[in-house]
Amino acid sequence: MSDAAAPRPARSRYERPRRPFSVLGIILGLILGVGAGLGYAWGIAPMEQSNIAPWQLDAEGRASYTVAIALAYGQDGDLGHAIERLVALRFPGDPIQGMADIACQLASTGYANSTSGLDALVTMIRLYQLQGRAGCADQIIGANSSQSGGVVTIDLPTPTTTLTPPPSKTPTPLNNRPTPTALLFIVPTQAPQNAFDLISVTTNCSLGQSGLIMVDVYQLNGSTGIPGMEIRARWSGGESRFFTGLKSERGDSYADFTMASGIDYIIDMPGRADPIRQPLSAVPCTTPNGEQAVIAYRVLFRAAE
Amino acid sequence: MRFLISLLVALIIGAGVGLYLGWVQFPAQVIDNPMSNLDARYQDEYTVMIAYGFLADRNLASALERLQRLDLENAALTIQETAERYISSSRTVEDIRALVTLAEGVGRLTPLMEPYRLVNESSPS
């Protein structure tokens, strides 16, 4: 048999041309290299971000941001907006309770020692209490605290001169130094709380007053109405302000506001009286005659003593 | 030898790719950042909220102290710029008024802000 008829043997690895690189080395190197790069970039030297969201703040930043949310709410009364901002902080669980927890932390430190700090805490307490939440700040601060105002000077009585000790065997120099005069202490006091007190909130059900919040504001004597007093009704997503004395047939003390069915309202006198504790709900009721109406409320404010 | 050289070259290239991915494409979302790292949108939001607080108590010192948490170089200028930016981008009137009031409080009232001044409010302390 001739060589020309025999099949050609397959090219062995020793006959194939060599690659200039190692495929296995490249694959292994890439895997190890990418892993090492990621480990360094994520673990050892992560990039400092300059466009973070509120939830990425440190503890102090989260507290400051929460305080700011409360301050804004205290002025505009926009609960929906406040909650939206609180959600951005991504508190574990309920965002409003998150505010209560922050208030507790702040109240437990020296944050309330300043006027602005105390005011901020009071605003936070009012916000979360109105939503039915509670926190340790309620006991530490109390929602009725308000801005400090005047200053009281306390003069401590001057103590008597310290007596010199009896003479001893070894003569010692007399010590006649008098006790230093007591220092003057100045302690900030609380200004009067509110100009008006909430006296009562009563309900009634009648067709003629269906869905009305009727507000009366009186002098201290309880009978002289005060016209021109601003009343504020707040609800989720809005507020309305109205004034006493605009309906002459109802007297100087009177103002009213018509509720929308199914909405809860908080009534206060801005800057003059605290909001009522419980919201007034526009719920259906049945009149004594068996007719359907919306419950009406009568709110009575009186000048504080 | 081929193997080692290939490994080394791929390691270097891989490390570069890993750093790019870890720093640029998929940066780690680190928490515990200072307020100065807040996104500009949230810094504006914070400034507006402080302005509302100032509207309520007119306590300029505490407003500025709170704004300093943002580690601003010039708080008054930042307030002015934020107010003007809000005016120029037609944001809500209430927010603008709050910012303008704060700007006026720090002495940064500009002609652009004049229409939004709360003239019936008491002067800032």
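Residues numbered from 1 in each chain as written. Chains lettered and ligands numbered in written order. Predicted model: local features only at pLDDT ≥ 70, side-chain atom pairs only at ≥ 80, totals over all residues.

A.B. asks: I'd like to hear about the confidence of the model for chain A, residue by residue, with values.
C.D. replies: Residues and elements named next belong to chain A. This prediction gives chain A a mean pLDDT of 79; 77% of its residues lie at or above 70. Confidence over residues 146–159 falls short of pLDDT 50; this stretch has 30 contacts with residues more than four positions distant or in other chains. Counting interchain partners and residues more than four positions distant, the pLDDT-below-50 stretch residues 172–193 has 34 contacts. (pLDDT = per-residue confidence, 0-100. Contact = placed C-beta atoms within 7 Å.)

A.B. asks: Tell me about the interface of chain A and chain B, and please be specific about residues and values.
C.D. replies: The extent of an interface is frequently quoted as the accessible surface area lost upon association of the parts. Every contact between the two is made by 42 residues of chain A and, on the other side, 45 residues of chain B. Contributing elements (two or more residues each) for the side of chain A that touches chain B: helix H1 (23–44), helix H2 (59–76) and helix H5 (115–130) of chain A. With 17 residues, the single largest contributor to the side of chain A that touches chain B is H1(A). Counted by class, the side of chain A that touches chain B contains 24 nonpolar, 15 polar and 3 charged residues. (Helix = DSSP H or I, 4+ residues; strand = E, 2+ residues; numbered from the N terminus. Nonpolar A, V, L, I, M, F, W, Y, C, P; charged D, E, K, R; others polar.)

A.B. asks: I'd love a proper account of the packing of helix H4 (residues 75–88) of chain B against helix H5 (residues 93–105) of chain B, names of residues and values included.
C.D. replies: Residue and element names in this part refer to chain B. Packing of H4 against H5 leaves a shortest axis separation of 9 Å and a crossing angle of 150°. As far as their axial angle goes, H5 and H4 are roughly antiparallel. Along this stretch, H4 crosses H5, giving a crossing that reads as left-handed. Of the residues in H5, those touching H4 at Ile 79, Gln 80, Thr 82, Ala 83, Tyr 86 and Ile 87 are Asp 95, Ile 96, Leu 99, Val 100, Leu 102 and Ala 103. (Axes fitted to C-alpha atoms, helices over the stretch in contact; angles between N-to-C directions. Parallel < 35°, antiparallel > 145°, perpendicular 65-115°, else oblique. Left-handed = near helix turned anticlockwise from the far one by under 90°.)

A.B. asks: Just give me the short version of unusual backbone geometry, but keep the residues and values in it.
C.D. replies: Residues and elements named next belong to chain B. Positive phi outside glycine occurs at Arg 58, with the angle close to 55°. Of note, Ser 90 is a non-glycine position whose phi angle comes to about 50°, a positive value. Its place among the elements puts Ser 90 in the loop between H4 and H5. For Ser 90, a count of 8 C-beta atoms within 10 Å gives the class exposed. (Buried ≥ 20, exposed ≤ 12 C-beta atoms within 10 Å, placed from the backbone.)

A.B. asks: Describe the packing of helix H2 (residues 40–57) of chain B against H5(B), with residues and values.
C.D. replies: Residue and element names in this part refer to chain B. It is the contact of H2 with H5, at a shortest axis distance of 8 Å, that shows an interaxial angle of 70°. Classed by the angle they form, the pair H2 and H5 counts as roughly perpendicular. Side by side, H2 and H5 meet where Val 48, Ala 51, Tyr 52, Phe 54 and Leu 55 of the first sit next to Asp 95, Ala 98, Leu 99, Thr 101, Leu 102 and Gly 105 of the second. Among the residues forming the contact of H2 with H5, the class breakdown is 8 nonpolar, 2 polar and 1 charged.

A.B. asks: Before we move on, can you summarise the confidence of the model for chain B with the specific residues and values?
C.D. replies: Residue and element names in this part refer to chain B. Averaged over all residues, the pLDDT of chain B equals 89, while 94% of them reach at least 70. Throughout residues 121–125 the model reports pLDDT below 50, and contacts reaching past four residues in sequence, or to other chains, amount to 8 contacts. What the predictor reports for the complex is a pTM of 0.54 with an ipTM of 0.83.

A.B. asks: If you had to explain the pairing of strand S4 (residues 212–218) of chain A to someone new, which residues and values would you point to?
C.D. replies: Residue and element names in this part refer to chain A. Here S4 lies mainly inside the structure; 5 of its 7 residues are buried. In this structure, S4 lies alongside strand S7 (residues 254–258), joined through 5 bridges in antiparallel fashion. Paired with Val 215 across the two strands is Ala 255, which belongs to S7. In this sheet, strand S12 (residues 296–303) lies alongside S4 in parallel orientation, the contact comprising 6 bridges. (Pairing = 2+ DSSP bridges.)

A.B. asks: I'd like to hear about the nonpolar core, residue by residue, with values.
C.D. replies: Counting residues in hydrophobic clusters, the biggest one holds 82 residues, and the most contacted among them are Met99(A), Ala103(A), Leu121(A), Met124(A), Ile213(A) and Leu99(B). Sort the elements by how many residues they give to this core and H2(B) lands first, with 9 residues. Not counting residues within four places of it along the chain, the set of residues in contact with Met124(A) comprises Val67(A), Ala70(A), Met99(A) and Ala103(A). Leu30(A), Leu38(A), Ala41(A) and Ala15(B) belong to the second-largest nonpolar core, a separate cluster that totals 8 residues. (Core = buried A, V, L, I, M, F, W, Y, C linked by C-beta atoms within 7 Å.)

A.B. asks: Give me the environment of Arg69(B): which residues, what numbers.
C.D. replies: Turning to its location among the elements, Arg69(B) is positioned in the loop between helix H3 (60–67) and H4. Between the C-alpha atom of Arg69(B) and that of Met35(B), which follows or precedes it by 34 residues, the distance is 6.2 Å.

A.B. asks: I'd love a proper account of H3(B), names of residues and values included.
C.D. replies: Helical periodicity: at 3.6 residues per turn, an α-helix aligns residues three or four positions apart in one direction. When we look at burial in H3(B), the residues that qualify are Ser62(B), Ala63(B), Arg66(B) and Leu67(B). Down the axis of H3(B), the buried side of the element spans an arc of 135°, and every buried residue falls inside it. Buried-residue contacts for H3(B) involve H2 and H5 of chain A together with H2, H4 and H5 of chain B. (Arc of directions from axis to C-beta.)

A.B. asks: Mind laying out the sheet that holds strand S3 (residues 196–204) of chain A, listing which residues take part and the relevant values?
C.D. replies: Residues and elements named next belong to chain A. Taking strand neighbours across the sheet as the criterion, the 4 strands line up as S3-S12-S4-S7 in an open arrangement whose pairing is mixed. Of all strands in the sheet, those bounded by a partner on one side alone are S3 and S7. The sheet shows a mean angle of 20° between the axes of neighbouring strands, direction not considered.

A.B. asks: Give a description of the sheet that holds strand S9 (residues 280–281) of chain A that names residues and reports values.
C.D. replies: Residue and element names in this part refer to chain A. Taken in spatial order, the 4 strands line up as S6-S5-S8-S9 in an open sheet, and their pairing is antiparallel. Since the sheet does not close on itself, it has two edges, and those belong to strand S6 (238–243) and S9, each with one partner. Sheet topology note: the strand S8 (residues 264–268)/S9 ladder contains 2 bridges and is antiparallel. If you follow Asp 264 over to S9, its bridge partner there is Ser 281.

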